[in-house]
Amino acid sequence: MSNSMKKHTGTNRRQFFQSALASFTGVSLVSGVVLNPFVGHAAEQSGGTEPSYDNARFHELTNSLLLDWCDGMIRRQVNDPSDPSRHGALLCPSCSHIHGRCSDALYPFLHLAHVTGEQKYLDAAINVYDWAENNVSQPDGSWTNDINPKAWRGTTIFGAIALAEALHYHGEVLDEARRAAWTKRLDEAVGGYLYRDFKTIDFTNLNYGMTGVYGFHLFGRLLNNSKYTQRSEQFAKRVKEFFTEPNTLLWGEGKPNDNRSGRGLLPVDLGYNVEESLNGVVLYALEVDDKEMLDLAVETLNGHLEFMLPDGAWDNSWGTRSQKWSYWGSRTSDGCQPAFSLMAGYNPAFGTAAIKNAELLQRCTADGLLHGGPHYVSHGVQPCMHHTFAHAKVMALVQDKMHAMPKVDSSTPLPRQTADGINHFPELNVWLAARGPWRATVSAYDSIYKTKKSGLLQQPTGGSLAVLYHEKVGLLLASSMARYEMVEPLNMQPQPGEDFPLTTRVESRDQGGWFTNLYDLTAEVSAKDDGQQIDIQVETSLQDESRNKLAGDASACELRYQFNGTQAHISASVSPQAVKGTEASLVLPIVSPSGEEVRQVSETRIEIVKPQGTVVVESDAPMSIKATEKGRVFNMVPGAEAIPIVVKLSKPNATVQCQVSVI
């Protein structure tokens, strides 16, 4: 234990161990199972268990989040021993059901039991474990994702890793009988369902197999079973197959996971990659000291880091699974901190990413729970418990690995903080633009995630301006699904109020339906930079969700985005036929939480007063703000509020030009 951790202990901890627990030292055997914690390569390189670097900010931040979240979960843990269907479960403020994976919280609970010596954390860990055994445990060793024996059980890999890490780092705080029972249960999960169904790294969405690379290695070492270690090695041999060129982005988040789009592009999702899959790659590579995989990890972390916004957000506006984009990451994955902090010795900007994202998580936390976006509180939306118990796991893990950390601080700027110019990702058909204070994302990515039960899960495409960020006032334009759909009904929250997409778009509404560039999978984008101004032009068409175009020439549409040192220009042009008898509009939902003053100075000028400056939106055509009950629209993706500004396109030229500036 590090000296910094020892500061949290004292009389309470000594009493706790003396009265309730058996103490273990050296190598311990329970039912023939080796339980001696193993030390990974990074720890060996650090020369022991004392921290290699102070890393005070990262330690304080992750520890503070862990304490806040665990206390928040305990306040919502059911204490009713007479009802085993509920006792120990974590009640979700936003969902009517109990999340089957809430037992993942046993790891962060047991960590704090060990570090603080407080009985409440040990009780919480035991109770949530027992709840899972009573309600989601299956005869084949799996735990179902939901309280239904027919529910998806692939998430067993995450529960098994949480249980293994709890035993690995903190098993000594359990009495011998309970520790033996938990270890036996872990072996049943790994030797049963996981070994049977996790036969190849790509048997389903790749986040499962990539996590399994590390998971099976951990299981094999902890349970002293070479069969599990060999499965890890089998998976590891294929890791290098799943990266794009030229930017080394991890692909495999599709149905099927190697599905190619009409443009020939593979399915990539930033959120699942950085918050889950890449953790598995990095943790495995460090444990076995795989030099080739470590080199690959550096390349892919660099590629993914290009999409982190200056405030620590992951710009997953374009991802194949962006229906779960929660600004800081993805709704049910774990968090980016392990991979990026442990690899900061290779690129110090990785450490900046780990800290800035954790700071964003802290800003999105209220009353002990992580909220699924920056404006849940301002819009009165309750958080889902899933975010908190998933992300608490990685905070426990980085605390447990703090002694093995390289230097982790935020002194090195993120790529997008210092960027200037155009960065094109051909494997995504996505462009990142940076000029002066502006950061923008333009997407024509056409890889669409589909399931048997879902409709068209349309993330931003059609040359849409998926993100606009200003270094002074932050996020100004975000994106959502064209139509919000709960792809995973038990893992997602219903949309509160009207489903109003946050993506900047051109749309035309008539009796035939809603037509917009957001459904166009064939938009053509060209970009140029003369050193002063970035100019991005889009040729697209207005379509409905079935890809039907407006009749005749009416579907033709052009968009143009220009960025210079002071202003962002957005212009739209449609065919005169598109405005004949219809309502064609350019829609600009400017991100703004409730409480910020909005002034419509004239029919062509709107001002939004933010703490760091005033956002000015001007147009050469009349603008209006769509009337809403709360003065804002809210979308679950990415959990933000916006002011829905609408600019009508009308004859004779059916063209409008808008500019956004900050004063």
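Residues numbered from 1 in each chain as written. Predicted model: local features only at pLDDT ≥ 70, side-chain atom pairs only at ≥ 80, totals over all residues. Heavy atoms only, no water.

(A) Molecular detail of the sheet that holds strand β8 (residues 464-470). Taking strand neighbours across the sheet as the criterion, the five strands line up as β5-β6-β7-β8-β9 in an open arrangement whose pairing is antiparallel. Strands at the two margins of the open sheet, each flanked by one partner only, are β5 (421-425) and β9 (474-477). This sheet shows a mean twist of 20° between the axes of neighbouring strands, independent of strand direction. As paired strands, strand β7 (residues 438-443) and β8 are joined by six bridges and run antiparallel to one another. Counterpart to Thr441 in the pairing with β8 is Val467. (Pairing = 2+ DSSP bridges. Helix = DSSP H or I, 4+ residues; strand = E, 2+ residues; numbered from the N terminus. Axes fitted to C-alpha atoms, helices over the stretch in contact; angles between N-to-C directions.)

(B) The pairing of β9, seen in detail. Where β8 lies against β9, three bridges are found, and the strand directions are antiparallel. The residue bridging Leu468 from the neighbouring strand is Leu477, located in β9. Here β8 hands over to β9 after three residues, the two strands then running antiparallel side by side.

(C) View of the environment of Asp400. Residue position: Asp400 is located in helix α16 (residues 385-400). The spacing of Asp400 and Gln493 is 93 residues in sequence and 32 Å in space, taken between C-alpha atoms. Looking at Asp400, its side chain comes within polar contact range of the side chain of Tyr107, at 2.6 Å. (Polar contact = N/O pair within 3.5 Å; in protein donor to acceptor, adjacent residues only side chain to side chain.)

(D) Geometry of the pattern of salt bridges. As enumerated under the stated definition, the model contains 38 salt bridges in all. Measuring nitrogen to oxygen at the nearest pair gives 3.0 Å for the salt bridge that ties Glu133 to Arg185. With Glu133 in helix α6 (residues 119-135) and Arg185 in helix α8 (residues 176-197), this pair connects stretches of sequence that are 52 residues apart. Given a relative accessible area of 26%, Glu133 falls into the partly exposed group. Taking relative accessible area as the criterion, Arg185 reaches 4% and is therefore assigned buried. (Salt bridge = Lys/Arg side-chain N within 4 Å of Asp/Glu carboxyl O. Buried < 20%, exposed > 50% of the residue type's maximum accessible area, 1.4 Å probe, protein only.)

Any functional reading would require information that these geometric values do not contain.
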